[in-house]
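The lines below spell out each chain.
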Amino acid sequence: MRYYIGVDIGGMSIKAGVVDDNGKIIKKKSCVTRANESYETIVGDIYGLCKSVTEEAGLKKEEITAVGMGSPGTVNSKEGIITFSGNLNFRNVNIVEEFRKHWDIETVVNNDANCAALGEARFGAEKNVTDAVFVTLGTGIGTGFIIDGKIFEGRRGEGAEGGHICIKMGGERCTCGERGCWEAYASATALLRQTERAMKKNPESVMNKIAEEKGCIDGTVPFEAYKQGDKTAEKVIKTYVKYIATGLVTLINIFRPQTVSIGGGVSNAGDWFIKMIERQTKRHVFGGKINKMPKIVKAVLGNDAGIVGAAAPVMK
Ligand SMILES: [Zn+2]
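This is a predicted model, so every value here is computed, not measured. (Residues numbered from 1 in each chain as written. Predicted model: local features only at pLDDT ≥ 70, side-chain atom pairs only at ≥ 80, totals over all residues. Heavy atoms only, no water.)

In this structure, what is going on with the pattern of salt bridges? I would like to understand it.
Side chains that differ in charge, positive against negative, can pair when their charged atoms come close. The full count for this structure, using the stated rule, is 16 salt bridges. The salt bridge partner of Lys28 is Asp304, with a shortest N-O separation of 2.8 Å. One end of the pair, Lys28, is in strand β3 (residues 25–32); the other, Asp304, is in the loop between β13 (295–298) and α10 (305–311), and 276 residues separate them in sequence. You can call Lys28 partly exposed: its relative accessible area is 45%. You can call Asp304 partly exposed: its relative accessible area is 27%. The closest approach of N and O atoms between Glu172 and Arg197, which form a salt bridge, is 2.8 Å. In this pair, Glu172 sits in the loop between β11 (150–152) and α4 (183–186) while Arg197 sits in helix α5 (residues 188–201), placing the two residues 25 residues apart along the sequence. With relative accessibility at 22%, the residue Glu172 sits in the partly exposed group. In the salt-bridge network here, residues are joined through shared partners; they are Glu172, Arg193 and Arg197. (Salt bridge = Lys/Arg side-chain N within 4 Å of Asp/Glu carboxyl O. Helix = DSSP H or I, 4+ residues; strand = E, 2+ residues; numbered from the N terminus. Buried < 20%, exposed > 50% of the residue type's maximum accessible area, 1.4 Å probe, protein only.)

I keep staring at the coordination of the zinc ion and nothing clicks. Help me out?
Tetrahedral coordination by four donors puts the ideal angle at the metal at 109.5 degrees, and octahedral coordination by six puts it at 90 or 180 degrees. His164 (ND1), Cys174 (SG), Cys176 (SG) and Cys181 (SG) make up the full set of protein donors to the zinc ion, lying at 2.0 to 2.3 Å. Every donor counted, the 4 donor atoms about the zinc ion form angles of 106 to 119° at the centre, which fits tetrahedral coordination. All donors to the zinc ion come from one chain, and their sequence spacing reads H-x9-C-x1-C-x4-C. (Donors = N, O, S within 2.8 Å, 3.2 Å for Na, K, Ca; no water. Tetrahedral: all angles 85-135°; square planar, octahedral: opposite > 155°, others 65-115°.)

Now the structure itself:
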């Protein structure tokens, strides 16, 4: 058995874990991200975390084969550079070079969504998938594409921004400044916006009652009301599923993966919701009745996706 370390560098916390060949986390630890400090200090913290998690896993440093890191933002994995990361204040930081000043070991860095995509392809609901699409429906939409077992990242790691494909010309304003992006319709944030609008227009909807009891409108409101048979909620959910499927159809037509994994809080709504997305997508995919349809599955690595995914690119 070989061992690797996966490091998930987030804006709030840094998580590191020792992972084995099967994608199993042996031991994990985390620390607060000192986001206002210099990158040298942060890399020092990352090294400290790696060292102590190795010891706590009962291993010697020599027993670790390689270190993989996942970072938000634009990452040039070939050169080991985090080109830009908004919440870390990193600009053109050669994190691999800096890390190897502390520990001379094979080290790579990749974009965190790309890492999660590879983690899900290897160790997710379906194992050892070579062609996969990964989509997280969260505050925005994150996407990752695995082609022939490898992460697709485009030139200098600037690719794979599937959340910003346009699904409606001149449509809703997106956080990126453009209009009509998939993210502006199918992210969890977009679902909230659609729910609020429907509640205002339909005061009799059960969604208003549920939101009042909760004291807020969150992503679970339309799903709960739908289960109770509320017609307005049903319309919200069905329209939202159409938005999700519209983007998926484009991605499937281009990449023809074996699987599409869906992650993010919204994916926890239940199997019925994933099935609904699958049915709607199948209806519109090119050659849908003849070509083999990819399996649409829920991402399963959850909170561990960051660590396992970060380690996945260095696994032999
Ligand atoms: Zn956009």
